[in-house]
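If you want the building blocks of each chain, they are given just below.
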2 protein chains.
Amino acid sequence: MTIVEFVKENIDQNSHSLPFKTHIRSLEKGKVITDYGQIETSVYFVQSGILTTSIRYREEDRILDFHFEGAFCGAYTSLLSKEPSDIRVTCYTACQVEIVDYAELQEVYRSSLLANQIGRVATEKLFFDRVTREKELLTLTAEERYQSLMDKNPILVQKIAVKDLAKYLGVRPESLSRIRKS
Amino acid sequence: MTIVEFVKENIDQNSHSLPFKTHIRSLEKGKVITDYGQIETSVYFVQSGILTTSIRYREEDRILDFHFEGAFCGAYTSLLSKEPSDIRVTCYTACQVEIVDYAELQEVYRSSLLANQIGRVATEKLFFDRVTREKELLTLTAEERYQSLMDKNPILVQKIAVKDLAKYLGVRPESLSRIRKS
């Protein structure tokens, strides 16, 4: 999926071009797109593959989320605050990403209706995902959270290693194997 | 603070009116604005006072967040998904709120640059707050999270009862009294 296809699906089905430039990069598995301490300058759209965002806590990386095809992703709090990032964005699999330069986007935001519609809808989805994750952490069991991730993208979830999935769900790998069987 | 003032501060200092109607209501302490199971139809802007959002978990209300003057608030996931709300929005103190009808807002979103700019910036702030809260839960101690809340609005935090603040921070009330003294 491309950003133009995202716009057709979510904003205006007659839209055929974007009010800002994008460029596409193919990235290897394991490639760090934005590292801890960097100031984020771009927004990334996952055309294919899986990105992860993680945070450092007591010498250990904690997985905040997996981002599948059709999702916007990035070190957004660094982007919005212009502070060094406390999250890392990594290609969990080989990925194709569509990249938007944030400085250009901010210029375009001054006058483009479509750019603001895209920014608004993309941010609404990001917000929705974060709130859902927060509620799930507060109220669902690990089994239910695994099911919720499966509902998002059952094929791609199969590509996630048990140890990483366990980290995301906050359970021991042995418990996850039991969950997957049931 | 009004929504017009929010726009002047965050988007366009020459803006003097909004592209949608709003109405203002004064609400008593304890008033439930949106309850569990309701479908949300409006967005609320806190002109004065404190709103809270909470979620039901094992017969108990958990405080998701406190929303101070100048913040947008509401049962957003219900608004975006049109599903019954799993959160409750309550006036923690007497409040004055400015209310935007979401059906009208969606109409206006089709053609108004300013409406989309307001929606985008408001959602960016909501997103930023949720991510910050998630990171704080993962990486900060209760003392540090108390300090972070104090940094947001030291005067209003004084109005929050120790038992509710403890619930929000996830500590026992006795631990919080110790934190407050230090």
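None of the values given here were measured: they were computed from a predicted structure. (Residues numbered from 1 in each chain as written. Chains lettered and ligands numbered in written order. Predicted model: local features only at pLDDT ≥ 70, side-chain atom pairs only at ≥ 80, totals over all residues. Heavy atoms only, no water.)

1. Things to note about the interface of chain B and chain A
Listed as interface residues are 33 residues of chain B and, on the opposing side, 33 residues of chain A. Between chain B and chain A lies a buried interface of about 3300 Å² when both sides are counted; carbon and sulfur atoms form 71% of it. At the boundary of chain B with chain A, the tally comes to four salt bridges. A:Asp86 serves as the salt-bridge partner of B:Lys135, at 2.6 Å between the closest nitrogen and oxygen. Those elements that place two or more of their residues in the side of chain B that touches chain A are β4 (51-57), β5 (60-67), α2 (76-81), α3 (102-109) and α4 (113-139) of chain B. Per-class residue counts for the side of chain B that touches chain A are 14 nonpolar, nine polar and 10 charged. (Contact = heavy atoms within 4.5 Å. Buried area = accessible area lost by both parts, 1.4 Å probe. Salt bridge = Lys/Arg side-chain N within 4 Å of Asp/Glu carboxyl O. Helix = DSSP H or I, 4+ residues; strand = E, 2+ residues; numbered from the N terminus. Nonpolar A, V, L, I, M, F, W, Y, C, P; charged D, E, K, R; others polar.)

2. Focus on the packing of aromatic side chains
If you walk through the whole model with that rule in mind, you get 12 aromatic pairs over all chains. Here the aromatic rings of B:Phe6 and B:Phe72 are separated by 5.1 Å at their centres, their planes lie at 90°, and the arrangement is edge-to-face. Taken together, the residues span a long stretch of sequence, with B:Phe6 in helix α1 (residues 3-10) and B:Phe72 in strand β6 (residues 72-73) at a distance of 66 residues. Just as B:Phe6 is buried, B:Phe72 falls in that class too. Through a chain of ring-to-ring contacts, three or more aromatic side chains come together here, namely A:Phe6, A:Phe45 and A:Phe72. Here A:Arg120 stacks its cationic end above the ring of B:Tyr109, 3.5 Å away from the centre of that ring. One cation-aromatic arrangement involves B:Arg133 over B:Tyr168; the distance from NZ or CZ to the ring centre is 4.0 Å. (Phe/Tyr/Trp six-rings, centres within 6.5 Å; stacked < 30°, edge-to-face > 60°. Buried < 20%, exposed > 50% of the residue type's maximum accessible area, 1.4 Å probe, protein only. Lys NZ or Arg CZ within 6 Å of the ring centre and 35° of its normal.)

3. A few points about the relation of the copies chain B and chain A
Overlaying chain B with chain A gives an RMSD of 0.0 Å, the required rotation being 180° about an axis along which the chain moves by 0.0 Å. On this basis, the relationship between the two copies can be described by a two-fold rotation axis. Of the C-alpha atoms belonging to chain B, the one lying closest to the rotation axis is found on B:Arg120, 2.0 Å away. Interface overlap between copies is the fraction of interface residues in one copy that are interface residues in the other; for chain B against chain A it reaches 100%, indicating a shared surface. (Least-squares fit on C-alpha atoms with pLDDT ≥ 70 in both.)

4. Considerations on the environment of A:Glu9
All names here are of chain A. Looking at the secondary structure, you find Glu9 in helix α1 (residues 3-10). We classify Glu9 as exposed; its relative accessible area is 58%. Through-space distance from the C-alpha of Glu9 to that of Val131 is 23 Å; in sequence the pair is 122 residues apart.

5. Brief notes about unusual backbone geometry
We note that A:Lys82 has phi near 60°; this positive angle belongs to a residue other than glycine. Mapped onto the elements, A:Lys82 comes out in the loop between α2 (76-81) and β7 (87-91).

6. Remarks on the sheet that holds β6(B)
Paired through their backbone hydrogen bonds, the strands of a sheet run either parallel or antiparallel. All names here are of chain B. Read across the open sheet, the four strands follow the order β1-β8-β3-β6; overall the sheet is antiparallel. Edge positions in the sheet fall to β1 (23-27) and β6, since each of these pairs with one other strand and no more. As paired strands, β1 and strand β8 (residues 95-101) are joined by five bridges and run antiparallel to one another. Within β8, the position partnered with Arg25 by the bridge is Val97. Sheet strands touched by α3: β3 (42-48) and β8. Its angle to β8, the strand with the most contacts, is close to 50°. (Pairing = 2+ DSSP bridges. Axes fitted to C-alpha atoms, helices over the stretch in contact; angles between N-to-C directions.)

7. Let's talk about helix α3 (residues 102-109) of chain A
Looking at α3(A), one finds that the buried residues are A:Tyr102, A:Leu105, A:Val108 and A:Tyr109. With its buried residues spanning 115° around the axis, α3(A) presents them on a single face. Of the surrounding secondary structure, the elements contacted by the buried residues of α3(A) are β3 (42-48), α2, β8 (95-101) and α4 (113-139) of chain A together with α4 of chain B. (Arc of directions from axis to C-beta.)

8. A few points about the side chain of A:Thr90
With respect to the helices and strands, the residue A:Thr90 is situated in strand β7. Apart from the residues lying within four places of it in its own chain, the contact partners of A:Thr90 are A:Gly30, A:Lys31, A:Val32, A:Ile33, A:Ile50, A:Leu51 and A:Thr52.

9. What about the environment of A:Ile118?
Residues and elements named next belong to chain A. Here Ile118 lies in helix α4. For the pair Ile118 and Ser175, spaced 57 residues apart in sequence, the C-alpha separation works out to 40 Å. Once residues within four sequence positions are removed from consideration, Ile118 is found in contact with Val7, Ile11, Leu18, Pro19, Phe20 and Phe72.

10. A word on the state of the cysteines
Tallied over the full model, the rule gives zero disulfides over all chains. No disulfide involves A:Cys73; its sulfur sits 9.1 Å from that of A:Cys95, the nearest cysteine. (Disulfide = S-S within 2.5 Å.)

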